[in-house]
Amino acid sequence: SSAAELSRGAWLFSFLLVTLLFFTWGFAYGLLDVLNKHFQVIFGISKLQSTLLQLAYFGSYFGWPPFAGMFMRRYGYKKGIHLGLTFYSLGAVFFWPSAVFAKYGGFVGCTFVIGCGLSTLEVAANSYITVLGTPKFAAARLNFAQGFQGIASFAGPMIASRWFFTGANEYSLATVQWVYLAVAGFGLLLNILFFFCPLPEITEDALSDQLRDAGISQDTKPFWKQWHCIFGWVAQTAYVGAQVALASFVVNYMTDPLQGSNYDDSTASQLLSYCQITFTVGRFLSVVILQYIDPAIMLSIHALFCAVFCLLTAELKGKAGVVCLFVVFYFESLAYPVIFTLGTKSLGRYTKWGSSLIVMGVGGGAWYPPAQAALADLAGTPRSYLVPMSGYLAMLIYGIGMVIDQSRQFGFRIRTYDELEVMKLKVAATAAFPPTAMIMMAEGRHDHPSTDNKEERGNTTPDSPTGLEKADIEYRESGKAA
């Protein structure tokens, strides 16, 4: 089936159910940033060593999504969601023995399993939300759904500031094991819920038929020539790397003497949660703006502001630098869902392949934090924020490139528009006024372009086609052959 075939009730139920998934990996990601600093204290490791958590979590995104995509191409979105939730719960459960035996390597391994589960959910949920409705509002839908990921992201640091960094818990792993046991229970509950709830399957064949009906032959080219998707993966890799690096060192940034803010760990953790709140507010505001402004234009503008204010974060001291950090969190909020929708649009039969590739871009979070940590150990945490700035510049290049590409195909437009509807109108106009006929009419050639004397015109029977009709027939036949 396709989204157009769903009733309003079935569409709303499917959308809300899948949106629940965004809360799961938002919470896990929010906790990950705080565990980074907590494990530095517990295990006495360096900033660079603590980024093994990010390496495991985001490294799983780089290697696992292709297998998740193949699984869902064969078994569908719903079974893919079950697979992802199973991995998610298993990884969270094994945080308990890792905490009991105080093994940092165990935490790293469990984080990898959780990452495999969450990357599977991302392939399923992001793709499903994108195709669940008109392409015109795909970016707005995904921004709204991912807003709940943002809510969960600031809930993680708030829990950590209350239970990880206060009193005896600052030097204990007891609260970590209980929190992740609750995470495992939540994953199990969601798995049971999805088992008993119907989730309409949207097939790639239906998506391909939708493109053909609009006169779009994008998915007839091989996948490796879907350039908007390939470069979307590059942009997503750079952006996620920048986002993860930005958030991973917020606590270190605000407590670094070189920065000059002089916050303690608990206060810095609370401020990180406020940064995540700013991120979430920005994502929900983007839902409204994307109803009117083209997503590629919005991405370009936001990427420019991210790069500028990230540079200011690295250079300014005290509260001025902290304010600039908050601004970056706001402007980066729409990047992931917009890059995803731009990279996977009009893929038809390649939709799940493209979704897997774009989700692989999350693997950028595996190598940006170590690069930033190395610079932080060398030149201080503030100066290390030059590393995520490079990711925002790559995002800016992709956004501008997509604006140029869309302008070549559909003309430059600031307002949001539905590419399928635009192409349908073009097809209808071409069918009514074929190019050959338009040229002949412009030259003043009407019924008999190849017969200029009365004798030849007299040989034409009333039932024989005119020159214009012949040209029209030839045009339609060539179109069918193509």
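The structure presented is a predicted model; accordingly, all values stated were derived computationally and were not measured.

Chemist: Quick question: what am I supposed to make of the environment of leucine 121 here?
Modeler: Positionally, leucine 121 belongs in helix H7 (residues 104-131). As a C-alpha pair, leucine 121 and phenylalanine 22 span 99 residues in sequence and 8.5 Å in three-dimensional space. Beyond its immediate stretch of four places on either side in the chain, leucine 121 contacts Leu21, Thr24, Trp25, Ile81, Gly84, Leu85 and Asn126.

Chemist: I keep staring at the confidence of the model for the protein chain and nothing clicks. Help me out?
Modeler: One rule of thumb: low pLDDT means the predicted coordinates there are not for detailed reading. For the protein chain, per-residue confidence averages 79 on the pLDDT scale, and residues scoring 70 or more make up 76% of the total. Within the protein chain, helix H22 (residues 454-458) has the poorest average pLDDT of any element, 46, and helix H14 (residues 295-315) the best, 95. The model gives residues 446-464 a pLDDT under 50, and that stretch makes 15 contacts with residues more than four places away or in other chains. In this model residues 478-482 is a low-confidence stretch, pLDDT under 50, and it forms 0 contacts with partners more than four residues away in sequence or in other chains.

Chemist: Would you mind showing me how to read the nonpolar core here?
Modeler: Grouped together as the largest cluster of nonpolar side chains are 117 residues, with contacts concentrated most on Leu21, Met254 and Tyr392. The residues that make up this core include at least three from each of domain 1 (1-202) and domain 2 (226-425). Setting aside chain neighbours within four positions, we find methionine 254 in contact with Ser261, Asn262, Tyr263, Ala268, Leu271, Cys275, Val322, Leu325 and Phe326.

Chemist: Honestly, the pattern of salt bridges in this entry has me stumped. Any pointers?
Modeler: Any two side chains of opposite charge can pair if their charged atoms end up close together. If you walk through the whole model with that rule in mind, you get 1 salt bridge. The partner of arginine 383 in a salt bridge is glutamate 315, and the shortest N-O contact between them spans 3.5 Å. Of the two residues, arginine 383 is situated in the loop between helix H18 (368-379) and helix H19 (386-410) and glutamate 315 in helix H14; the sequence distance between them amounts to 68 residues. The exposure class assigned to arginine 383 is partly exposed, which follows from its relative accessible area of 36%. Note on glutamate 315: relative accessible area 39%, which makes it partly exposed.

Definitions and cut-offs
Residues numbered from 1 in each chain as written. Predicted model: local features only at pLDDT ≥ 70, side-chain atom pairs only at ≥ 80, totals over all residues. Heavy atoms only, no water. Helix = DSSP H or I, 4+ residues; strand = E, 2+ residues; numbered from the N terminus. Contact = heavy atoms within 4.5 Å. pLDDT = per-residue confidence, 0-100. Core = buried A, V, L, I, M, F, W, Y, C linked by side-chain atoms within 4.5 Å. Buried < 20%, exposed > 50% of the residue type's maximum accessible area, 1.4 Å probe, protein only. Domains from an automatic or database assignment. Salt bridge = Lys/Arg side-chain N within 4 Å of Asp/Glu carboxyl O.

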